[in-house]
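# Report on the structure
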Amino acid sequence: MDQFFQTLRKIQKKERNNGTLARVEDTFYQDIHKYLNNLKKSAGADPFSKEYNLIKDTQRVATEICERREHKITDAAVINIHRSYHLFTGKPKFDLVDTTPLNLTPEEEKFYFSLIDKLKEHRSNISLDKLTEDKEDVPETNVKAPSDSVRVVSEAEKPKDDVLTHLEEISNAEIIKDEKVEPIEKQVQEAKNQQLKNQFSNPISKPKEKAQRAEEDVYDLINQEEEFADLESIKTAKESALVTLLVFDNIDSIIGVDEKIYGPFYPQDIVIMPKINANIFVKNKKGRIVKA
């Protein structure tokens, strides 16, 4: 096996077993890219060559090393900020030089201090001193109404009460003289006659309206059933859609919802499978969905 690949496997083992960063050369990431480019030139267009398989293994191992180192660097930055910047307890003080992680490459060192700067800025924005200063900087303004805005409202401009208005209309109303009063029985009979006349003048209108309303209800029910059917088909299509999954552990073969066999799986394998099966891996922390 290639000497550089063996070195990568040793670094991978150290990153897995130790909580600190493994010692690497300053040109570690450049060496990985150079090594992969040489393998691609040697493999050419033959997907069954030994170099082609070595390219996949190198990419998998190098990716794990990079991700583990990123986690360690991020955790170190957060812990150092927690130790050196005390919220709400007076003036903050920073002493981050001696607590910087060891074995950082130049790229990782730049990444670490950029995290420190962002965390310092965040804590400065939410500190008690900052919030107190912002509150004191806001000037208190007393708004006084101009003297011209005060005026006397006349009686004509005052809103009138509805009851008083109605009483005033009644008092000003004219008295009707010589009014012809018909008996109440005659008024009731005339109202009934008018109602019967209206019914006989258009006897078929109501049944037609009922039939039309029933027909519209049937069409609405059919449209609702078609809508539910479309929603169910859309849901099924989404669940059976294929996604790309990055596997974390050794897992035996499974049968997908599309009745195809997937697996067996090994750590860092990249597999395309139905979304509903991939969600089971993610839920049990056995993998994660990645963008293709």
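Residues numbered from 1 in each chain as written. Predicted model: local features only at pLDDT ≥ 70, side-chain atom pairs only at ≥ 80, totals over all residues. Heavy atoms only, no water.

### Points about the packing of helix H1 (residues 3-17) against helix H2 (residues 28-43)
Two elements in contact, H1 and H2, have axes separated by 11 Å at closest approach and are oriented at 135 degrees. Regarding the angle of H1 to H2, the classification is oblique. Considering how the two elements wind past one another, H1 and H2 form a crossing that is left-handed. On H2, the residues that touch Phe4, Phe5, Leu8 and Ile11 of H1 are Phe28, Asp31, Ile32 and Tyr35. When its residues are assigned to classes, the contact of H1 with H2 shows seven nonpolar, no polar and one charged. (Axes fitted to C-alpha atoms, helices over the stretch in contact; angles between N-to-C directions. Helix = DSSP H or I, 4+ residues; strand = E, 2+ residues; numbered from the N terminus. Parallel < 35°, antiparallel > 145°, perpendicular 65-115°, else oblique. Left-handed = near helix turned anticlockwise from the far one by under 90°. Contact = heavy atoms within 4.5 Å. Nonpolar A, V, L, I, M, F, W, Y, C, P; charged D, E, K, R; others polar.)

### A short note on the pairing of strand S1 (residues 242-247)
Extensive coverage of S1 is indicated by the burial of five of its six residues. Strand direction decides the pairing type here: S1 and strand S4 (residues 270-274), joined by five bridges, are antiparallel. The partner of valine 243 across the bridge, within S4, is methionine 273. Sheet topology note: the S1/strand S5 (residues 287-290) ladder contains four bridges and is antiparallel. Looking at the pairing, valine 247 lines up with glycine 287 of S5. (Buried < 20%, exposed > 50% of the residue type's maximum accessible area, 1.4 Å probe, protein only. Pairing = 2+ DSSP bridges.)

### Section: the pattern of salt bridges
Using the criterion set out here, one finds eight salt bridges in the structure. Notably, a salt bridge pairs glutamate 15 with arginine 69, separated by 2.7 Å at the nearest N-O pair. Taken together, the residues glutamate 15 in helix H1 and arginine 69 in helix H3 (residues 50-84) connect sequence positions 54 residues apart. One salt bridge in this structure joins arginine 69 and glutamate 108, with 2.6 Å as the shortest N-O distance. Of this pair, arginine 69 sits in helix H3 while glutamate 108 sits in helix H4 (residues 106-126), and the two are 39 residues apart along the sequence. Relative accessible area serves as the criterion here: at 1%, arginine 69 is assigned to the buried category. Sharing partners across several salt bridges, the network here consists of Glu15, Arg69, Lys72 and Glu108. (Salt bridge = Lys/Arg side-chain N within 4 Å of Asp/Glu carboxyl O.)

### Focus on helix H9 (residues 275-283)
Residues separated by three or four positions in an α-helix point in the same direction, a consequence of the helix having 3.6 residues per turn. Regarding H9, the residues found buried are Asn277, Ala278 and Phe281. The buried residues of H9 occupy one face: seen down the axis, they fall within an arc of 100 degrees. Turning to H9, the residues buried within the fold contact S1, strand S2 (254-255), S4 and S5. Lysine 285 occupies a position one or two residues after H9 and carries a positive phi of about 60 degrees. (Arc of directions from axis to C-beta.)

### Overview of the sheet that holds S1
Within the open sheet, the three strands sit side by side as S4-S1-S5. Their pairing is antiparallel. Of all strands in the sheet, those with a lone pairing partner are S4 and S5, marking the two edges. Averaged over all adjacent pairs, the angle separating strand axes in this sheet is 40 degrees, with direction ignored. Helix-sheet contacts for H9 involve S1, S4 and S5, and the interaxial angle to S4 is about 125 degrees.

### Comments concerning unusual backbone geometry
That bond from glycine 263 to proline 264 is cis: its omega, 0 degrees, falls within 30 degrees of zero. As for its placement among the helices and strands, proline 264 is situated in the loop between strand S3 (261-262) and S4. A positive phi angle, close to 65 degrees, is found at glutamate 259, a residue other than glycine. Position of glutamate 259 among the secondary structure elements: in the loop between S2 and S3. The exposure class of glutamate 259 is exposed, given its relative accessible area of 72%. In this structure, glutamine 268 is a non-glycine residue whose phi angle is positive, near 75 degrees. With respect to the secondary-structure elements, glutamine 268 resides in the loop between S3 and S4.

### Focus: the nonpolar core
Within the largest apolar cluster, 17 residues are counted, with the highest numbers of intra-cluster contacts made by Leu8, Ile11, Phe28, Ile32 and Ile65. Elements that contribute at least two residues to this core include exactly H1, H2 and H3. What isoleucine 11 contacts, discounting residues up to four positions off in sequence, is Ala22, Val24, Phe28 and Ile65. Counting ten residues, the second largest nonpolar core, distinct from the first, contains Tyr262, Val271, Met273 and Phe281. (Core = buried A, V, L, I, M, F, W, Y, C linked by side-chain atoms within 4.5 Å.)

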